[in-house]
Amino acid sequence: MTPTAAPAIVDLVADFVNANPTYNVAVVGAPDSLSKDAIVAGGATGPYDLLLAQSYLVPAGLKYLHPTLVSGDPFPFAKDTLVLYSTTVDISGGIPLQLQAFSLPDPATLDPYGVAAVQAMGAEYLYALSKKLPIKTADAGGSYARVEYMGTAYGFTGKSQICTAVTDVEAYEPGSFHHEYVLGQNYVTDIVLAGIKIARTRSADQETALTAFVNFLTSAQAKALQDHCYKLPSAAQ
């Protein structure tokens with residue numbers, strides 16, 4: 001499970017188990033690349049049944065480079081939105097004209113949030129690079145943490161990192177600032193979280209439980225994802 005979506009997925013698993021008390025779900029958090037390595041190393045006898053990743057990159061790579069290790073095709077289960085976040089600087093109108101050091105997920109790893117941030121900044125990103133202003137992090141959670149806990153002026157992250165909507169009303173930390181970017185207008189990389197089943201040897205009961213969880217994850221019952229301000233995969237933007 002990608003750490004980027006860990007809080008939402010943990011809440012979703014709790015909802016699933018409450019609705020299906022005969023099933024057990026064990027959640028393991030790890031960056032997508034480490035999860036891929038563990039799946040490749042474990043093969044059919046490994047401990048993992050399902051990979052939930054922050055993009056299609058790793059699920060698709062497993063499908064096409066290690067087809068015997070997966071079952072079926074990658075599938076979307078949530079969408080996120082690129083935001084700029086700060087606890088100290090009013091960036092509600094977007095990134096300031098006078099740039100300061102800022103955080104973003106490393107776009108060189110094809111992190112979808114980092115790629116989207118570079119697209120949103122355009123030529124400003126090249127200028128920022130020349131001034132050594134970008135602070136690159138492992139993922140959107142790391143970029144959020146740089147701002148929230150480590151004094152970085154502002155940073156690009158996912159809306160899911162800063163927003164909750166448990167009562168269907170979006171809420172943010174009091175006193176914080178954020179600017180939401182528009183897919184198709186400010187950036188073109190759609191931030192889609194994707195999963196894929198692992199072709200592990202399973203009993204019939206285990207296969208039934210896995211299918212039930214995937215069906216729950218990709219249905220309207222997955223409200224925990226929307227409580228963390230993710231959107232349904234079918235959302236237009």
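Described below are features of the structure shown in this document. Residue numbers restart at each chain and count upward from 1, following the sequence in its written direction. Side-chain atom pairs in this predicted model are given and counted only at pLDDT of 80 or more, local residue features only at pLDDT of at least 70, and totals for whole chains, interfaces and linings cover all residues. Only hydrogens and water are removed before side-chain values are computed, so all heavy atoms of the structure are retained for them.

### With respect to the nonpolar core
Buried Ala, Val, Leu, Ile, Met, Phe, Trp, Tyr and Cys residues form a nonpolar core when they are joined through side-chain atoms within 4.5 Å. Any residue under 20% of the maximum accessible area for its type is buried, any over 50% is exposed, and the rest in between are partly exposed; the area is computed with a 1.4 Å probe on protein chains only. Ranked by size, the top nonpolar core spans 46 residues in total, and within it F77, F102, Y154, F156 and L225 carry the most contacts. Strands here mean DSSP runs of E at least two residues long; helices mean DSSP runs of H or I at least four residues long; both are numbered from the N terminus. Ranked by the residues each element gives to this core, the list is headed by helix α1 (residues 6-19), at six residues. Whether two residues are in contact is decided by their heavy atoms, any of which lying within 4.5 Å being enough. For F102, the contacting residues outside a window of four places in its chain are M121, Y125, A128, L133, P134, I135, T152, Y154 and F156.

### Some points on the state of the cysteines
In this description, the term disulfide denotes a pair of cysteine sulfurs within 2.5 Å. Evaluation of the coordinates by the stated rule reveals one disulfide. The disulfide partner of C163 is C229, and the gap between their sulfur atoms is 1.9 Å. Its torsion about the S-S bond being -55°, the disulfide of C163 and C229 is classed as left-handed. Here the residue C163 occupies a position in the loop between α7 (159-162) and β7 (177-180), and C229 occupies one in the segment after α9 (223-227), the gap between them amounting to 66 residues. Each member of the pair, C163 as well as C229, carries the same accessibility label: buried.

### What about the packing of aromatic side chains?
Stacked, tilted and edge-to-face pairs are distinguished by plane angle, under 30 degrees for stacked and over 60 for edge-to-face with tilted covering the rest, among Phe, Tyr and Trp rings (Trp via its six-membered ring) whose centres lie within 6.5 Å. According to the stated counting rule, one finds eight aromatic pairs in the structure shown. Consider the rings of Y144 and Y149, whose centres lie 6.2 Å apart with planes at 85°: the pair is edge-to-face. The exposure class of Y144 is buried, given its relative accessible area of 16%. An angle of 35° between the planes, with centres 5.8 Å apart, marks the rings of F156 and Y181 as tilted. Residue F156 is located in strand β6 (residues 154-158), and its partner Y181 is located in the loop between β7 and β8 (191-198); the two are separated by 25 residues in the primary sequence.

### With respect to the layout of surface pockets
It is a probe the size of a water molecule, rolled over the atoms, that shows where empty space is left. Lining residues are those with an atom within 4 Å of a point, where the points come from a 1 Å grid over the protein atoms alone and group into cavities, where a 1.4 Å probe fits but cannot get out, or pockets, open sets with protein on both sides within 12 Å along at least five of seven lines. Grid points are joined across faces, edges and corners, and a volume is the space filled by probe spheres set on the points. In this structure, the largest pocket occupies an estimated 650 Å³ of space. As for the largest pocket, its lining consists of 28 residues, and the residues nearest its centre are V25, A26, D49, L50 and L210. Put simply, the parts of the chain that give the lining of the largest pocket at least two residues each are α1, α2 (32-42), β1 (50-53) and α8 (204-217). Per-element tally for the lining of the largest pocket: the top contributor is α8, with five residues. In terms of residue class, the lining of the largest pocket is built from 20 nonpolar, four polar and four charged. What the second largest pocket holds in volume is close to 280 Å³. Looking at the lining of the second largest pocket, the elements with two or more residues in it are α2 and α3 (57-65). Ten residues, namely Ala, Val, Leu, Ile, Met, Phe, Trp, Tyr, Cys and Pro, are considered nonpolar, four, namely Asp, Glu, Lys and Arg, are considered charged, and the remaining ones, Gly among them, are considered polar.

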